[in-house]
Amino acid sequence: MPDPEQCITDRAGRLLARIVPQWLSEAEQAELWPVLQSLDWQQPQVQIFGKSHPIPRQQCYLGRPGCDYRYSGLLMAPQPLPAPLLPLMARLGPGFNAVLVNRYRHGQDRMGWHRDNEPELAPDLAILSLGGCRRLRLRFDAKDAHGVDLPSGSLLWLAPGVYHCLAPTAREVGERISLTFRQITPGFHRQEGAGIRG
Ligand SMILES: O=C(O)CCC(=O)C(=O)O
Ligand SMILES: [Fe+2]
């Protein structure tokens, strides 16, 4: 039986996302958590209005060789994919070859509004959530934003071109790790001397 899936639409009826609430079993989550904890977590600096700030979360970029990815001015070469992630990536579909993993240590860690629309990226993007439940906000139009809670084990398919953010919360919330599975054009940044990791 296929996993039950819920569609999230805006007031104009446009599809924002589809969510499968229990995509990963509790046992699979428990196996994956220590693998994620042992990643080489980074907190790179980004430029905002000419000033340098550390990103308000930690991250680790994983993928197949050559799947370099540029976002917010950072050019990232992937670290190798740990073996337990390979069957999960294959379950999503054949084109997936990279994953940006985000770690929100507490309620103040967050991610601002953005679209994942970089040229090396295909529009299909899937977000697997583990740990503390946080709310992702989604919108096409500024006046029509929708919140969706992402419990541990859920998978969210983001519709192409949707703006989204993970707002901070004053609630007591445990650490959350999100795995954002991506399809990158291999070799896209080759000419730029990739290998610099933010
Ligand atoms: O952590 C999340 O659910 C969102 C992550 C995200 O939007 C991204 O990595 O591009
Ligand atoms: Fe995103």
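Quantities reported herein were computed from a predicted structural model and do not represent experimental measurements. (Residues numbered from 1 in each chain as written. Chains lettered and ligands numbered in written order. Predicted model: local features only at pLDDT ≥ 70, side-chain atom pairs only at ≥ 80, totals over all residues.)

Details of the UniProt feature "binding site: 2-oxoglutarate" (unreviewed entry) in the chain
Part 1 of the reasoning: What UniProt calls "binding site: 2-oxoglutarate" (unreviewed entry) maps, in this numbering, to Asn102, Tyr104, His114, His164, Arg176, Thr180 and Arg182.
Part 2 of the reasoning: Position of Arg176 relative to the elements: it lies in strand E15 (residues 176–182).
Part 3 of the reasoning: When you line up the elements, Thr180 lands in strand E15.
Part 4 of the reasoning: Beyond its immediate chain neighbours, meaning those up to four positions away, Thr180 contacts Val99, Leu100, Asn102, Leu125 and Ile127. (UniProt positions renumbered as here; feature names shortened; annotations may be inferred. Helix = DSSP H or I, 4+ residues; strand = E, 2+ residues; numbered from the N terminus. Contact = placed C-beta atoms within 7 Å.)

Let's talk about the site of ligand 1
Part 1 of the reasoning: Taken together, Leu100, Asn102, Met111, Asp116, Ile127, Leu136, His164, Leu166, Ser178 and Thr180 make up the full set of residues near ligand 1.
Part 2 of the reasoning: Going through the elements one at a time, strand E8 (98–104), strand E14 (163–166) and E15 are the ones with two or more residues in the shell around ligand 1.
Part 3 of the reasoning: Classifying every residue of the shell around ligand 1 gives five nonpolar, four polar and one charged. (Near = placed C-beta within 6 Å. Nonpolar A, V, L, I, M, F, W, Y, C, P; charged D, E, K, R; others polar.)

Focus on the sheet that holds strand E5 (residues 58–63)
Strand pairing in a sheet relies on backbone hydrogen bonds. The paired strands run either parallel or antiparallel.
Part 1 of the reasoning: With respect to topology, seven strands assemble into an open sheet ordered E1-E2-E13-E10-E15-E8-E5, the strand pairing being antiparallel. The sheet is open, and its two edges are formed by strand E1 (6–9) and E5, each paired on a single side. Within this sheet the neighbouring strands show an average axis-to-axis angle of 20°, counted without direction.
Part 2 of the reasoning: On the sheet, helix H1 (residues 26–37) packs against E8, strand E10 (125–131) and E15 and is oriented at approximately 95° with respect to E10. (Pairing = 2+ DSSP bridges. Axes fitted to C-alpha atoms, helices over the stretch in contact; angles between N-to-C directions.)

Observations concerning the sheet that holds strand E11 (residues 134–139)
Part 1 of the reasoning: Spatial strand order, E9-E14-E11-E12: four strands in an open sheet with antiparallel pairing. Each end of this open sheet is capped by a strand with a single partner; those strands are strand E9 (111–114) and strand E12 (146–150). On average, each strand axis in the sheet is inclined to that of its neighbour by 20°, with strand direction left out of account.
Part 2 of the reasoning: Judged from the two bridges that link them, E9 and E14 form a sheet pairing that is antiparallel. Across the sheet, residue Met111 finds its bridge partner in E14, namely Leu166.

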